[in-house]
Every structure is written in C-alpha cells, then in structure tokens.
Amino acid sequence: MSYFAMAALEVTLLGLLGGIAGTLIVVRRRSFFAVALSHATFPGGVIFAVLGYNLLLGQALFAALLVLIMTLLSRVPGQGRQVASGVVLALGFALGTLLTSLNPGLGVPVEALLVGSPLSVSAADIAATAVVLVASLIVTAYFARRVLFHTFDPVGFAAAGFRAWPVELVVVGIASAAVVVAMPAVGAILGVAILIAPAAAARLIAPRIEWVPPLAAVLGVASGLAGLWASRQFDLAAGGAIGLATTLVFIAALLWRRLARGPIQRVKEVVKAKEATA
Amino acid sequence: MEVTLLEALQLPFMARAFATIAVLAVAAGVVGLGISFREMEFVSDGMVHAVFPGLVIGAAIGGSAGLLPGAVVAALAAAVIFTLLDRRGGAGSDAAIAVGLTGLFSLGVVLVSKQQGYAAQLQDLLFGHLLTVTSAQLWQIIAVAAIAVGIMLVTGRTQLFRAFDPAGFEAVGFHPLRTDLALAAATALLVVAGVQALGVLMVVALLTVPMAVSRLLTRRLGLLVPFAIAVPLATGGLGLWWSFMWSIERNLSVSPGALVVLLLVAAYLFAVAARFVWQRRGSAAAA
C-alpha cells in the first residue's frame, strides 16, 4: 500500500473510533481529561524513543500511569474539579521537554510526537487502531444501556443498585485507548481533535441521542479524509490540516443549529400556521 | 566548582531569567486566584493553545519583534471566544472549548508548516527560551504582566463577588459578561507574558499549579495570593540554579523551564501529602 493509502486507512479508522470514544467523551463531559491525557502522554513517547522501543507501547503505558495519577489526585479534597487534569498536563509537558533537552540527538522528531505525521503511520499503528475500534464496539455494545443510564441519571442509577465504577472504567478505558492510538497519526496535541470535534458537532445536530455515534463517525471520517486531501493538495502539515478540517465541521454544525433553531424554525411555523388557516 | 545561587545570579542572563520568573510568579499569583475560583483551568489551557497561531502570524509579519503584538491580539481574541463558549454552559461547553483549542492550534501548525525552517521554529515556540530572554523582552514581559495584574486589582472586588455569589452579583445589577471578559483578558495577558520564556507547552503550569498549591496550604483568603507568589518564586529560583549547576558540573543540557515546572508539580504533590498528614492529625486530635 502507498503511504497515502495507509494514512487514509488510519484516518478512516480513527474517524469511526471517534464515533464511539468521542461520543462518550462529549456526552460525559470528559473533554479536559482527554485533552490533558493526550498532551501529557508525550514524555512516554520520548522515553521509549530514547530507549529504542515501540512508541505506541510507551505512550500506552504512560497513559495508564497518568490515568492512575489523575484518579488519585481528583480525590484530593478542597480543590476544583479541573485541578487534577491541569497538574497532570503540566507534569507531562515539563517531563517531555526535560527529556528532549537531555537528549539533543533524539532519533524521533519531537514535532512528529506533538503534531503527528499521518503519512508515516506503520501497519502496526493501523492494526492497533483497528483492535481498539473493535474492542470499543464490543464493550460499548455490552455496556451501552448502563452507560446511558448513569450519564443521564446518576442518582437513579445508584438507587437502582448499580455500581458506578465499571461504567467509569469503561468510559475512561475507551477514551484513553482512543487517545493513544490517535497519537501516531495526529500527535499529542491534535489527537483529541479527530475524536472530540466530530462528536461535538454530531451532538449539536443529531435529533436523538442514538443518532450521535453514527453521525459522529460519518463526520469524523469525512473531515479526516478532507484534511488529509487538503494537506497533500496544498502542501500543509497533515496533522494540522486534519485538526482544522474537524474544527470547520464543528463550526458548520454550530451555524446549522443556529439556522435550524432560528430562521428555518420560523419559516416552518409560518408554513404550519398558513396550512392551519387554509 | 561550587557556585552559590547569588554568584550565579550575577551573570546577566541568569539575572534576567530570574527576573522573568519573579515577574511571572507575581502575575500568576494574582491572576491565578481568579482562574482557580472560577474553575477556568481548561479555558486557560485553551488560551495557551490559541496564542500559538498569533505567534506564528506575528513572526511571519514582523520577525521576532512581531511575536508580542501577534500574541496579544490572538490572546485577547481567544479570551472573547472562550468566554462566550464557556458562557453558553450546558453539556456542550467543555467540548466546544476542546474544539476551539485544537482548532486554533491546528491553524498555527498549518501556518507554520508553510514557512521555511518549520521544525526549528516550531520547537522554539513550543519550548520557549528562558535563558536567552533579552532585556527588551524582559521589559515587554513586565509591561504585559503589569497590565494583567492591574486588571485584577481594579476588578478584584467584583471578581470575588461574582465567584462566591453569582446570583447576588446579578441581582445587585453588575454585568457578569463584563467581569468575565476582564478576567479572561487578564489570563490572556498572563499567557502572553509567559509564553516567550516558558513556551506554549509549559505556560499552562504557571496558570494553574501555584494557586492549586496555595489552596492546599491555606484556607485564609488573605494568604492565598502571597503563597501562590512565593511557591513559583522558590521553585523558579531552585530550578534555574540546578539547571545552571548541572550544565557546568556534569555538562548536561537541561531545559530550565522544564525543571522549574517539574519542581512546581513536585511542590503540589508535597502539598497534597502535607494536607493528608495534617488532616490525619486533626482527626486524631479531635477523637
């Protein structure tokens, strides 16, 4: 397969994964968690690059460690809800920068870790994305009803005798795995763009909650491929082009919602009123 | 060779680096109060990313002299965008902030990729250069930080009212949007002040961690800001000194900015541990 075909395949898989992981992150309001995690996993990649092992493995292990730290820190009483994510974010970047500065002749380009390079994804990266996609589909299918129940009525969920931690674990696990596999293609900073933006856009325009995941997947694949095409056509950094394309989709959804709630709604009402009088 | 902190500070570049840290510590302590009370950590992270395209555009237009104006314009624009996004509230506001953050950063990456020397320039903007802050840059940092602190001092009382009693604040007839915009502008200016020295990646630590440490150490409102200034000042001095010592003794090239931030995070973890011990003692004494 050519580099471009591999990149297109990886972006398509990530777009589909965004349908599940992105929806979970957006609906359960874990965006800052996902952003902090993806940023802070950067030193994991640097460490494994220095040691000469697989980058993805290093980032996955480091992400697991960070999730543990964040879970512990979020239990510290007397501080805001976002502090744990903020501290982990600072830790990750500083550690990554320190390690980079200690190893000036690093084999891996640092900017590739940060902003990604879709055209250099390997078959192993694609396989990892596919595995995470299939696993997320299976787990979400099994837990879907409980996740929905807990998201929209946590008190009722507890009263019905369910335990909250399996749901939290499923959500955090899927979100973290998605962030990690997105990294080789779109990097530590923009990795969340392809996951969150299509789902946030889908949430704005979907008529019902069950429409959000498929809509997010379609928007994610379309905007990812559009970004990839634009990067080749106009000679732009591919990670940045994909991030920009997903943002444009979100802005379009925002405008569509404004129109649908405003002028279009009014036109419909006028038409209805005329039909009623006729 | 053993060098004390005072001797190291007699070197002009070390003195400038320490002065930068001191100015940023004061500004971060004052503005951090607003960020912490209003839970704006994520919004401030958004502003940090949003400054990036401003830096790229500024550098493209005016070279290194264009960095600051570009950053100020981008940061203030981002302050307005993120305040409006955050105000919408509801389930979607944090996702909207995440999209704005990645979108603006993507714009910066795309713009920088169209230029010559892409990788080197990107690294400089991302990682900062604490030790090569020029005296002109230091004056810029002082000016921008002073405006940020000034905004907080002028609006301080209304900010506190808004943070502790939002309903009463509106009932008395204050404008929430105006107060929110003032706080966002102060945050944006602090980001601008810190970004050249610490880089896009690490300035977020300055916005969130000092006040997080301070709130763990004390519950008295009057002590929050002094503690939040003292902590980065101490870790900043220590970080600078260590990176200097390591570079002359062991010939290691340590990023001083990264060391300062790591020490700041260490101070936070230490404060968490101290608080747990203190609470145990308190509950044991009460029993």
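These remarks concern the structure in this document. (Residues numbered from 1 in each chain as written. Chains lettered and ligands numbered in written order. Predicted model: local features only at pLDDT ≥ 70, side-chain atom pairs only at ≥ 80, totals over all residues.)

### Overview of the overall build of chain A
Phase 1: Tallying secondary structure elements over chain A gives 12 helices and zero strands in all.
Phase 2: Relative to the compact-globule value of 19 Å for 278 residues, chain A shows a C-alpha radius of gyration of 20 Å, a close match.
Phase 3: Here the C-alpha coordinates of chain A stretch approximately 80 × 55 × 35 Å along the principal axes.
Phase 4: A burial count over chain A gives 53% of its 278 residues as buried.
Phase 5: Taking the intrachain contacts of chain A between residues at least 6 apart in sequence as the baseline, contacts between residues at least 24 apart amount to 76%. (Helix = DSSP H or I, 4+ residues; strand = E, 2+ residues; numbered from the N terminus. Rg over C-alpha atoms; globule rule 2.2 N^0.38 Å. Buried ≥ 20, exposed ≤ 12 C-beta atoms within 10 Å, placed from the backbone. Contact = placed C-beta atoms within 7 Å.)

### Brief notes about unusual backbone geometry
All names here are of chain A.
Phase 1: Although it is not a glycine, R29 sits at a positive phi angle of roughly 60°.
Phase 2: Turning to its location among the elements, R29 is positioned in the loop between helix 1 (3-27) and helix 2 (31-40).
Phase 3: Among the residues examined, R29 registers 16 C-beta atoms within 10 Å and is labelled partly exposed.
Phase 4: Unusually for a residue other than glycine, D235 sits at a positive phi of about 60°.
Phase 5: Within the element layout of this structure, D235 appears in the loop between helix 10 (212-234) and helix 11 (238-261).

### Side note on the interface of chain A and chain B
Phase 1: Facing 48 residues of chain A, the contacting portion of chain B comprises 49 residues.
Phase 2: Elements that contribute at least two residues to the side of chain A that touches chain B include exactly helix 2, helix 5 (83-102), helix 6 (110-115), helix 9 (165-205) and helix 11 of chain A.
Phase 3: Ranked by residue count, the leading element in the side of chain A that touches chain B is helix 5 of chain A, at 13 residues.
Phase 4: Looking at side-chain class alone, the side of chain A that touches chain B contains 32 nonpolar, 12 polar and four charged residues. (Nonpolar A, V, L, I, M, F, W, Y, C, P; charged D, E, K, R; others polar.)

### What about the environment of L126 of chain B?
Phase 1: Along the chain, the position of L126 of chain B falls in helix 6 (residues 118-127).
Phase 2: Take L126 of chain B: there are 21 C-beta atoms within 10 Å of it, and that puts it in the buried class.
Phase 3: For the pair L126 of chain B and A212 of chain B, spaced 86 residues apart in the sequence, the C-alpha separation amounts to 24 Å.
Phase 4: The contact partners of L126 of chain B, leaving out residues within four places of it in the chain, are L114 of chain A together with G199, V200 and L201 of chain B.

Taken by themselves, the reported measurements are silent on function.
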